[in-house]
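Okay, here's what each chain looks like letter by letter:
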Amino acid sequence: DTEHHNYNNCLIMPGFVDGHVHYPQVSVIASFGTQLLEWLEKYTFPEEARFSEFNYAKKAANSFLNLLLANGTTTAAVYCTSHPQSVEAFFEEASLRNQRMIAGKVLMDRNAPKSVTDTVKTGYEDSKQLIDKWHGVGRNLYAVTPRFAPTSSPEQLEACGELLKEYPDIYLQSHLAENMEEVRWVHELFPKSKSYQDVYAQYGMLGSRVLYGHAIHLTEQDLAQAAETGTKYVHCPTSNLFIGSGLFNIANTWNCGVDVLLGSDVGGGTSLSPFATMKAAYEIAQLSGFSLTPEEAFWMSTAGGAESLYLGDKIGRLDVGYEADIVVIDLASTSLIKQRMDRAENIRDVLFTQMMLADDRAIKATFVAGRIMYS
Ligand code: GUN
Ligand code: ZN
């Protein structure tokens, strides 16, 4: 009675892991002509304000999760908005699909419009309530999510550090040193801090379950401190190019002993496809004379990403006892790829061809916990 699927000329592999993405920003993807701070004001905050409405958030979460599956992504670390209902909507939709998701309510209590801010008290209490309701329930996991240092008061950052102490198995995610103007602003707002990262260090926001998106403009001490504390950086290459933020140096970060994940960072990023993210990571590494191998890129997007999230015994590999999150990749999804594949002589070249040329057309099927959820 076993159902049969024929995946001839396909690669069957673990589902992809996206280490940094904003589900409320899908509709602002490809917004023209700004860098980070203006991009937030002009496009992002107005869109995020709409997520105060539960039904709007629910529709967006549904569409986002379907898009992830259509791109072969089965696990992601996701930013919601400052409205707790945006988190409720997200975890409800993730639970319907039984997807292993990490997500959290954005905290920001200053330097942003009223429609998207919280307060020290509501930010802390709403986060706590959401952790109690959702963390570890089904496959859902919680990440305390202060947007970034400029939009949180010192008191709010302190509360975030406290949450991390109160719940040792949750995550914390935020943005760090993405753009030079942002870095200068942080120095103005926190004049006593030695560096941007030092602000987070001061409030107990470094550690092995902490993920910082971007982490481009850092000091040598920052890198050493991240290595020492086990703090992870999430490289978001399509976003860094699109918003014009800068070039993350992956080789140097690895040499300093820091763990790196890959993230799409949509809506700053330009694609939800892990192929597009790996391709841009390769291209940015090339600019500093380092050739990111397909083994490294696919490892970061599967088993490596899973290990960085302490989920290395559950997802990211095809093995006995693992949660069966599986993606089936058509190795000849376009005529160009088909032609190039005729010259591919080994698995390494096959993977490199896919990471440079493939997109969502290559995703033939996606299985979540053993059930086919996209084909
Ligand atoms: N820094 C603070 N918020 C954001 C965001 O939403 N996207 C990106 N790319 N950077 C940020
Ligand atoms: Zn981001």
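Shown above is the structure to which this text applies.
Being a predicted model, the structure only gives us computed values, none of them experimental. (Residues numbered from 1 in each chain as written. Chains lettered and ligands numbered in written order. Predicted model: local features only at pLDDT ≥ 70, side-chain atom pairs only at ≥ 80, totals over all residues. Heavy atoms only, no water.)

### Remarks on the coordination of the zinc ion (ligand 2)
The textbook angles at a metal center are 109.5 degrees for a tetrahedron of four donors and 90 or 180 degrees for an octahedron of six.
And step 1. Taken together, the protein ligands of the zinc ion (ligand 2) are His20 (NE2), His22 (NE2), His175 (NE2) and Asp265 (OD), with distances of 2.0 to 2.2 Å.
And step 2. The coordination sphere of the zinc ion (ligand 2) comprises four donor atoms, whose angles at the metal cover 92 to 163°; the geometry is irregular.
And step 3. One chain supplies every donor for the zinc ion (ligand 2), spaced along it as H-x1-H-x152-H-x89-D. A residue pair is termed long-range when its members are at least 10 positions apart, and His22 in strand β2 (residues 16-22) and Asp265 in the loop between β10 (260-262) and α11 (274-287) qualify at 243 residues. The burial state of His22 is the same as that of Asp265; both residues are buried. (Donors = N, O, S within 2.8 Å, 3.2 Å for Na, K, Ca; no water. Tetrahedral: all angles 85-135°; square planar, octahedral: opposite > 155°, others 65-115°. Helix = DSSP H or I, 4+ residues; strand = E, 2+ residues; numbered from the N terminus. Buried < 20%, exposed > 50% of the residue type's maximum accessible area, 1.4 Å probe, protein only.)

### Regarding the packing of helix α4 (residues 120-134) against helix α5 (residues 154-166)
Angle between the axes and distance between the axes: these two values describe a pair of packed helices.
And step 1. Remark: α4 packs on α5, axes separated minimally by 9 Å, with the N-to-C direction vectors making an angle of 20°. Classified by the angle between their axes, α4 and α5 sit roughly parallel to one another. The crossing of α4 and α5 is right-handed. Contact residues: α4 offers Val120, Gly123, Tyr124, Ser127, Lys128 and Ile131, while α5 offers Glu155, Gln156, Ala159, Leu163 and Glu166.
And step 2. Looking at the contact of α4 with α5 residue by residue, the class counts come to five nonpolar, three polar and three charged. (Axes fitted to C-alpha atoms, helices over the stretch in contact; angles between N-to-C directions. Parallel < 35°, antiparallel > 145°, perpendicular 65-115°, else oblique. Left-handed = near helix turned anticlockwise from the far one by under 90°. Contact = heavy atoms within 4.5 Å. Nonpolar A, V, L, I, M, F, W, Y, C, P; charged D, E, K, R; others polar.)

### Section: a nonpolar patch on the surface
And step 1. Together, Leu241, Leu247 and Leu287 make up an exposed nonpolar region whose accessible area comes to about 310 Å².
And step 2. Along the polypeptide, Leu241 turns up in helix α9 (residues 237-242). (Patch = residues over 30% accessible without salt bridge, like charges linked within 9 Å, V, L, I, M, F, W, Y side chains within 5 Å. Areas by Shrake-Rupley, 256 points an atom, 1.4 Å probe, with all protein chains shown as cover. Salt bridge = Lys/Arg side-chain N within 4 Å of Asp/Glu carboxyl O.)

### Some thoughts on the layout of surface pockets
And step 1. Its boundaries defined by the atoms lining it, the largest pocket holds a volume of some 200 Å³.
And step 2. Around the largest pocket sit Leu11, Met13, Pro14, Glu295, Phe298, Trp299, Thr302, Ile347, Arg348 and Leu351, which together line it.
And step 3. Elements with a minimum of two residues in the lining of the largest pocket: β1 (10-14), α12 (294-300) and α15 (347-357).
And step 4. Counted by class, the lining of the largest pocket contains seven nonpolar, one polar and two charged residues. (1 Å grid on protein atoms, 1.4 Å probe; cavity = no way out; pocket = protein on both sides within 12 Å on 5 of 7 lines; lining within 4 Å. Points joined across faces, edges and corners; volume = space filled by probe spheres on them.)

### Section: the site of ligand 1
And step 1. In the region of ligand 1, the neighbouring residues are His22, Gln25, Leu36, Trp39, Leu40, Arg147, Phe148, His175, Glu178, His214, Ser239 and Asp265.
And step 2. Between a nitrogen atom of ligand 1 and a side-chain N or O atom of His214, the distance comes to 3.5 Å.
And step 3. Contacts to ligand 1 include Asp265, whose side-chain N or O atom sits 2.7 Å from a nitrogen atom.
And step 4. Contact with the protein chains removes 100% of the 280 Å² of surface that ligand 1 exposes when unbound. (Near = heavy atom within 4 Å. Polar contact = N/O pair within 3.5 Å; in protein donor to acceptor, adjacent residues only side chain to side chain.)

### As for the pattern of salt bridges
And step 1. Under the criterion given, the structure shown has 19 salt bridges.
And step 2. Between Arg100 and Glu323 there is a salt bridge, with the nearest N and O atoms lying 2.9 Å from each other. Taken together, the residues Arg100 in the loop between α3 (84-97) and β4 (101-104) and Glu323 in the loop between α13 (303-308) and β11 (326-330) connect sequence positions 223 residues apart.
And step 3. Classification of Arg100 by relative accessible area gives buried; the value is 7%.
And step 4. The shortest N-O distance in the salt bridge between Glu307 and Arg317 comes to 2.8 Å. Of this pair, Glu307 sits in helix α13 while Arg317 is found in the loop between α13 and β11, placing the two residues ten residues apart along the sequence.
And step 5. Given the relative accessible area of 37%, Glu307 is considered partly exposed.
And step 6. The class for Arg317 is partly exposed, based on a relative accessible area of 36%.
And step 7. A single network of salt bridges, built from pairs that share partners, joins Lys58, Glu92, Glu93 and Arg97.

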